[in-house]
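Spelled out from the first residue to the last, the chains are:
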Amino acid sequence: MDNRTRLVALLGSLCLLGPLSVDMYLPGFPAIAAEFGAVETQIQLSLTTFILGLSAGQLVVGPLSDSWGRRRPLLVGIGSYVVISLFCAVAPSALAFAGLRLLQGLGVAAGFVVAMAVARDRFEGLAMARFMSLMMLVNSLGPVLAPVLGGQLLRFTSWRGTFVVLGVFGLILLIALATGLPETLPPSKRRPANLLLTVKVFGGLLADRKFLGYALASALALGSLFAYVAGGSFILQNVYGLTPQQFSLVFALNSVAILVAGLLNTALTGRVMPRPLLKIGLAGSAVGGVGLLVGGVAGGGLATFLPPLFLLTMSVGLLMPNASTLAMSRHPEAAGSASAVLGVTTFLVGGLMAPLVGAGGSASVLPMVTVMASATVLAVILFATLTRGDVGITRDPTPTPRESYVQNA
């Protein structure tokens, strides 16, 4: 395996940890609620706390990775993830489970931030767009495989066994990172660990209207997917009558759309610039969201629910790599902090989706699809207003020094 392929595999696996931690236990939602004697919103809280932990962790890990280098915060974070995953497997109550999920999210944050920062350390321009697309291809395997694996695990073990499997996966990844991922931020490029400087850097990122536009548009479009993640298990099983295994297959089928779009994005990158590809992704997401709402209002069944959902999820394959590339290309001097802001924005918006969906109950599909449609339409509006006038990344005819370094390392 060459260095480039190894880097894609390692960073993609880091990004994979988040989707696995969210999607693998979704088929067990009804079983968790029954075991703890909890209502649906209490179990959905474990999704919200995980996302909040993931968001808060990035605010810490991002600046630390700019000051201490990438490896130290990463290894500590993934090590804590392994331990907390095993504690989740023995949680005594719904409240304790939600609290442990918060801590689990803190550990995952290290992987998300550092993966993005390492990619920015090594690549620029279209080279980064290509690499991000490859990384997202690996990442997209999570939503495809996780619910299927989670559903099948429930045949042989309880939902608690799912978290044992997550802990084992985290341990394998920790060993691979410790032995296979070199430090990518040399001491000469590190920032001093200073709270005032950190605040100033974050302030500069948030003051950049175009950076914020890419971050918010991507976060809202992806937030619609979080709404589906939060409510889809209850809707598909309780409203449409699917079994946990059938739900996991439907979830995986929709997630295949992300993989297909990621392959398309990889093939098009270089011939089509990231900004036009992002526009296509946002448009597809909005059409899918509005289609879900129309089908819900019309009272249609799965036939009116699944096609627009497929379109919406497929759009994520174009959204993720291009929005991240366009946003981070504006601030190469603070890759860790920029990655943290992107992640926090995404997961805070996503974290709000679960209680919004839960507040409407699961007796009808309407609350969930209303949230999804609203998020995707607002994403298009914010993108159009905040990033107006930005040309994005221009075509670069030769490999950048960072790209050459990775190819020849």
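Residues numbered from 1 in each chain as written. Predicted model: local features only at pLDDT ≥ 70, side-chain atom pairs only at ≥ 80, totals over all residues. Heavy atoms only, no water.

**Things to note about the overall build of the chain**
In step 1: Counting its secondary structure elements, the chain contains 16 helices and zero strands.
In step 2: The C-alpha radius of gyration computed for the chain amounts to 20 Å, which stays within 12% of the reference 22 Å derived for 409 residues, consistent with globular compactness.
In step 3: Seen along its three principal axes, the alpha-carbon backbone of the chain occupies a region of about 55 × 45 × 45 Å.
In step 4: For the chain, the proportion of its 409 residues judged to be buried stands at 59%.
In step 5: A sequence separation of at least 24 residues applies to 88% of the contacts in the chain between residues at least 6 apart.
In step 6: Surface exposure of the chain reaches about 15100 Å², of which carbon and sulfur atoms provide 72%.
In step 7: Charge separation in the chain, taken as the distance between the mean sites of 24 positive and 13 negative side-chain charges, equals 3 Å. (Helix = DSSP H or I, 4+ residues; strand = E, 2+ residues; numbered from the N terminus. Rg over C-alpha atoms; globule rule 2.2 N^0.38 Å. Buried < 20%, exposed > 50% of the residue type's maximum accessible area, 1.4 Å probe, protein only. Contact = heavy atoms within 4.5 Å. Areas by Shrake-Rupley, 256 points an atom, 1.4 Å probe, with all protein chains shown as cover. Lys, Arg positive; Asp, Glu negative; His and termini not counted. Charge placed at Lys NZ, Arg CZ, Asp CG, Glu CD.)

**Side note on the pattern of salt bridges**
If the charged atoms of two oppositely charged side chains come close together, the side chains can form a pair.
In step 1: Inspection of every chain in the model, using the stated rule, returns five salt bridges.
In step 2: Residue Glu35 pairs with Arg160 through a salt bridge whose shortest N-O separation is 2.7 Å. Taken together, the residues Glu35 in helix α2 (residues 29-36) and Arg160 in helix α8 (residues 159-180) connect sequence positions 125 residues apart.
In step 3: For Glu35, a relative accessible area of 42% puts it in the partly exposed group.
In step 4: Measuring nitrogen to oxygen at the nearest pair gives 3.4 Å for the salt bridge that ties Arg330 to Asp390. One end of the pair, Arg330, is in the loop between α13 (302-328) and α14 (335-359); the other, Asp390, is in the loop between α15 (366-386) and α16 (401-408), and 60 residues separate them in sequence.
In step 5: Its relative accessible area of 31% is what places Arg330 among the partly exposed residues. (Salt bridge = Lys/Arg side-chain N within 4 Å of Asp/Glu carboxyl O.)

**Focus: the confidence of the model for the chain**
In step 1: Per-residue confidence for the chain gives a mean pLDDT of 83, with 93% of residues at or over 70.
In step 2: Counted against residues more than four places away or in other chains, residues 397-409, with its pLDDT under 50, gives 20 contacts. (pLDDT = per-residue confidence, 0-100.)

**Some thoughts on the environment of Ala193**
In step 1: Mapped onto the secondary structure, Ala193 falls in the loop between α8 and α9 (195-207).
In step 2: Judged by relative accessible area, Ala193 falls into the exposed class, the value being 61%.
In step 3: Each C-alpha atom of the pair Ala193 and Ser65 lies 9.7 Å from the other, and the pair is 128 residues apart in sequence.
In step 4: Aside from chain neighbours lying at most four places away, what touches Ala193 is Ser67 and Trp68.

**Points about the nonpolar core**
In step 1: Leu11, Phe97, Tyr228 and Phe305 are the most contacted members of the largest nonpolar core, which totals 123 residues.
In step 2: By residue number, the principal contributor to this core is helix α10 (residues 209-239), which donates 17 residues.
In step 3: When residues no more than four places from it in sequence are discounted, the contact partners of Phe97 are Tyr25, Ile32, Phe36, Ser46, Cys88, Ala91, Trp159 and Phe163. (Core = buried A, V, L, I, M, F, W, Y, C linked by side-chain atoms within 4.5 Å.)

**Description of α2**
In step 1: Taken together, the buried positions of α2 are Phe29, Ile32, Ala33 and Phe36. Seen along its axis, α2 keeps its buried residues to an arc of 100°; they face one direction.
In step 2: Tucked into the core, α2 has its buried residues touching α3 (40-68), α5 (94-122), α8 and α10.
In step 3: Just beyond α2, the residue with positive phi is Gly37, at close to 65°. (Arc of directions from axis to C-beta.)

**Notes on the packing of aromatic side chains**
In step 1: What the rule picks out here adds up to 10 aromatic pairs.
In step 2: Relative to Trp159, the ring of Phe36 lies with its centre 5.6 Å away and its plane at 65°, an arrangement referred to as edge-to-face. One end of the pair, Phe36, is in helix α2; the other, Trp159, is in helix α8, and 123 residues separate them in sequence.
In step 3: Ring geometry for Tyr214 versus Phe383: centroids 6.2 Å apart, planes at 55°, classification tilted. Residue Tyr214 is located in helix α10, and its partner Phe383 is located in helix α15; the two are separated by 169 residues in the primary sequence.
In step 4: On the accessibility criterion, Phe383 (7% relative accessible area) is buried. (Phe/Tyr/Trp six-rings, centres within 6.5 Å; stacked < 30°, edge-to-face > 60°.)

**Regarding helix α1 (residues 3-23)**
In step 1: For α1, spanning 21 residues, the distance from its first C-alpha to its last is 30 Å, which sits close to the expected 30 Å at 1.5 Å a residue.
In step 2: Largest kink in α1: about 30°, centred on Leu16, with the proline Pro19 one to four residues after it.
In step 3: For α1, a buried count of 16 out of 21 residues is recorded, marking the element as mostly surrounded by other parts of the structure. (Expected span 1.5 Å × (residues − 1). Bend = angle between axes of the 7 residues up to and from the residue.)

**Re empty space enclosed by the protein**
In step 1: Counted under the stated rule, the structure contains five cavities of 30 Å³ or more.
In step 2: Estimates place the volume of the second largest cavity at around 90 Å³.
In step 3: Lining the second largest cavity we find Phe112, Met116, Tyr214, Ala215, Ser218, Leu222, Met320, Ala323, Ser324, Leu342, Gly343 and Thr346.
In step 4: Listed by contribution, the elements that provide at least two residues to the lining of the second largest cavity are α5, α10, α13 and α14.
In step 5: No other element matches the four residues that α10 contributes to the lining of the second largest cavity. (1 Å grid on protein atoms, 1.4 Å probe; cavity = no way out; pocket = protein on both sides within 12 Å on 5 of 7 lines; lining within 4 Å. Points joined across faces, edges and corners; volume = space filled by probe spheres on them.)

**Some details on a nonpolar patch on the surface**
In step 1: A grouping of Val290, Val294, Val377, Leu378 and Ile381 is seen on the molecular surface, where their side chains present a nonpolar patch of about 390 Å² in accessible area.
In step 2: Elements supplying a minimum of two residues to the nonpolar patch: α12 (274-298) and α15.
In step 3: In terms of residue count, α15 provides more of the nonpolar patch than any other element does, three residues in total.
In step 4: Mapped onto the fold, Val294 is located in helix α12. (Patch = residues over 30% accessible without salt bridge, like charges linked within 9 Å, V, L, I, M, F, W, Y side chains within 5 Å.)

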